[in-house]
Amino acid sequence: MELDDPLGPSAPPLLGYVFDAIQGADVQAVHGYIVHDGETGQEVQIPYPEGADGKVQCGQAFHHGRFISGLRKKAQTHSTVCYIEGTALRLIEEDGKVLGIEYREKQSGEVKELRTPLTIIADGCFSKFRKSLIKTSVSIHSHFMGFLMQVSASTSRDACSWETRVLVDVRGNLPRDPKNYLLHEVAPNLPEHLREAFCKSLQSSHLRCMPASFLPPSPVDKAGVLVLGDAYNMRHPLTGGGMSVALNDVHIWHELMLGLPNLTNEKALQRAKRQFYQRRRKSHSFVVNVLAQALYELFAANDDPLRHLRRACFHYFRLGGKCVSGPVGLLSVLTPKPATLIGHFCAVALYAVYFAFKLEPWYAKPRAFITSAVVLHRASSILLSLIWSELKYFHE
Ligand SMILES: Cc1cc2nc3c(=O)[nH]c(=O)nc-3n(C[C@H](O)[C@H](O)[C@H](O)COP(=O)(O)OP(=O)(O)OC[C@H]3O[C@@H](n4cnc5c(N)ncnc54)[C@H](O)[C@@H]3O)c2cc1C
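Predicted, not measured: the structure shown is a model, and the values here were computed from it.

### Points about the overall build of the chain
Phase 1 of the analysis: Within the chain, the secondary structure is distributed over 10 helices and 13 strands.
Phase 2 of the analysis: Taking 21 Å as the expected radius of gyration for a compact globule of 396 residues, we find that the chain reaches 23 Å, a close match to that expectation.
Phase 3 of the analysis: Taking all 396 residues of the chain together, 27% fall into the buried category.
Phase 4 of the analysis: Taking the intrachain contacts of the chain between residues at least 6 apart in sequence as the baseline, contacts between residues at least 24 apart amount to 65%.

### Concerning the environment of F276
Phase 1 of the analysis: In this fold, F276 is placed in helix α6 (residues 266-299).
Phase 2 of the analysis: Exposure remark for F276: the 19 C-beta atoms within 10 Å place this residue in the partly exposed category.
Phase 3 of the analysis: For F276 and D249, which are 27 residues apart along the polypeptide, the C-alpha to C-alpha distance reads 8.0 Å.
Phase 4 of the analysis: Not counting residues up to four positions away in its chain, the partners in contact with F276 are I252, W253 and L256.

### Structural notes on helix α8 (residues 322-331)
Phase 1 of the analysis: Residues V324, P327, G329, L330 and L331 constitute the buried set of α8.
Phase 2 of the analysis: Where the residues of α8 are buried, they touch β4 (43-47), α6, α7 (304-318) and α9 (338-359).

### Digging into the sheet that holds strand β7 (residues 97-105)
Phase 1 of the analysis: Reading across the sheet, the three strands line up as β6-β7-β8 and stay open at both edges, with antiparallel pairing between neighbours. If you trace the sheet from one side to the other, it starts and ends with β6 (86-94) and β8 (111-115), each paired once. Pairwise comparison of adjacent strand axes, ignoring direction, gives a mean angle of 30° for this sheet.
Phase 2 of the analysis: In this structure, β7 lies alongside β8, joined through five bridges in antiparallel fashion. For E102, the partnering residue across the bridge sits in β8 and is E113.

### Describing the site of the ligand
Phase 1 of the analysis: Around the ligand sit 23 residues in total, of which G124, G229, G240, G242 and M243 are the nearest.
Phase 2 of the analysis: Among the elements that take part in the shell around the ligand, helix α5 (residues 242-258) stands out by supplying four residues, more than any other.
Phase 3 of the analysis: Of the residues that constitute the shell around the ligand, the class distribution is 11 nonpolar, eight polar and four charged.

### A short note on the pairing of β7
Phase 1 of the analysis: Relative to β7, β6 runs antiparallel, the two sharing eight bridges. When the bridges of β7 are listed, E94 appears paired with K97.
Phase 2 of the analysis: From the end of β6 to the start of β7, which pair antiparallel, there are two residues, and D95 there has a positive phi angle of about 50°.

### Comments concerning the nonpolar core
Phase 1 of the analysis: The biggest cluster of nonpolar side chains holds 32 residues, and the ones touching the most others in it are L291, L309, C313 and V348.
Phase 2 of the analysis: At nine residues, α6 tops the list of elements feeding residues into this core.
Phase 3 of the analysis: Grouped together as the second largest cluster of nonpolar side chains are 10 residues, L133, V220, A231 and Y232 included.

### A closer look at the packing of α6 against α7
Phase 1 of the analysis: Contact geometry of α6 with α7 gives a least axis separation of 8 Å together with a crossing angle of 110°. Of the possible angle classes, the one that applies to α6 and α7 is roughly perpendicular. In this structure, α6 contributes E297, L298 and F299 to the contact, and α7 contributes L306, L309, R310 and C313.

### Thoughts on the packing of α7 against α9
When two helices pack together, their arrangement is given by the angle between the helix axes and by the axis-to-axis distance.
Phase 1 of the analysis: The interhelical angle for the contact between α7 and α9, taken along N-to-C directions, is 105°, at an axis separation of 8 Å. Accordingly, the angle class assigned to the pair α7 and α9 is roughly perpendicular. Here H308, L309, R311, A312, C313, H315 and Y316 of α7 lie close against α9, whose contacting residues are A347, V348, A349, Y351, A352, F355 and A356.
Phase 2 of the analysis: Each residue belonging to the contact of α7 with α9 can be placed in one class, and the counts come to 11 nonpolar, two polar and one charged.

What counts, and at which threshold
Residue numbering note: each chain is counted from 1, following its sequence as written. A pLDDT threshold of at least 70 governs which residues receive local features in this predicted model, and a stricter bar of 80 or more applies before side-chain atom pairs are shown or counted, although totals over entire chains, interfaces and linings include all residues. Going along the chain from the N terminus, every DSSP run of H or I of four or more residues is numbered as a helix, and every run of E of two or more is numbered as a strand. When we talk radius of gyration, it's over C-alpha atoms, and the globule rule is simply 2.2 Å times the number of residues to the 0.38. Counting other C-beta atoms within 10 Å of its own, a residue is labelled buried from 20 upward, exposed at 12 or fewer, and partly exposed in the gap between, with every C-beta atom placed from the backbone. Distance between backbone-placed C-beta atoms decides contact: two residues are in contact if it is within 7 Å. Here, any two strands with at least 2 DSSP bridges between them count as paired. Simply put, an axis is a line fit to the C-alpha atoms, just over the touching stretch for a helix, and the angle between two N-to-C directions goes from 0 to 180 degrees. What makes a residue near a molecule or strand is its C-beta atom, placed from the backbone, lying within 6 Å of it. Following the grouping adopted for this structure description, the nonpolar residues are Ala, Val, Leu, Ile, Met, Phe, Trp, Tyr, Cys and Pro, the charged ones are Asp, Glu, Lys and Arg, and the polar ones are all others, Gly among them. What we call a nonpolar core is a set of buried Ala, Val, Leu, Ile, Met, Phe, Trp, Tyr and Cys residues whose membership is set by joining through C-beta atoms within 7 Å. When an angle is under 35 degrees it counts as roughly parallel; over 145 it counts as roughly antiparallel; between 65 and 115 it counts as roughly perpendicular; any other value is oblique.

Okay, here's the thing in structure tokens:
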């Protein structure tokens, strides 16, 4: 199952088209997030922002495979699309320019060539083609274990059950016996109302494991080729922003290509590439990438300064008002403004300083100065290194 954020008024029209592809694919409406704090047992609700009609906007949760099949079917209905299924084997290159691909056709098993003025590479998180095209490399700080959980609930009127996706993040490498780990290390820390369903579903569900990768963006200078989706840029899946980034990138290219005289004009294409990098950074990718990585650092806190920041972040959400509407506007990619992200991150760091002083007894207040300095140093090093990773290769 996959979550995609609400289609707000600023969402590209192309996304509406894409979402036609998931109609009938067991789409569930998602109204926001709930964060549980394991230390205190408290929770905070973070609803999506309200739309112009005053109603809370909805995200969509759906089976990824069914969505992809829907997209493929939709693409095939266009008379200009020639649909070929196969495995891309290698890029055909000449004089530093990509001229097409060599592929194995699924139906015949034959190896064939496809030559084209522009090759678009979107071979996902394990991309084998990105290596020779982009400057950044993938880093993996954690892994996800996922399965489908059956949840049953009964109200005074009736009983219902539904299926939801569970993703458990583990820092570093996967445990040797993942099921055992989930049962004995993770289940006891879950909110009580989820524990039974979690343990029961774990026995019968197929457990899947995936690396949570980070790949900052960098320019693709080679002529004749574009790289999109996870092959180009990845961030921690905690905030579920991967598809929003990929679909918004496609939308930007859709608009840029309308302005190109043709796909063989290399100068115009290079100009369009530069516009693409700038537009995506301003419109969505900076916020989604930095937010996902920064939130992950906080939520997976493994040292004291990060634990202070995590507690401050949780209580910041509990303040409500702008402390919720601002961050959720960023999380949902409805108002992804870089300045808003930096502002809220700094506010959380200062809130952590406030807690450092508040929680110390009067005779130990001087210790709070040291704690605050360490927390602020940690917060700024996380934020600045993430900002740097977004801007490093884009100086103009
Ligand atoms: C655990 C986890 C949970 C996530 N949850 C969410 C979420 O809730 N919401 C969200 O928005 N994002 C989520 N993401 C991120 C999201 O899944 C990706 O950002 C998105 O799928 C990227 O799409 P893509 O088309 O680039 O890559 P993919 O979806 O990986 O598609 C790549 C395709 O290329 C094909 N391919 C690969 N090599 C070749 C080849 N040589 N020849 C031909 N075909 C090839 C593959 O078979 C595949 O079909 C999650 C990621 C992870 C790891």
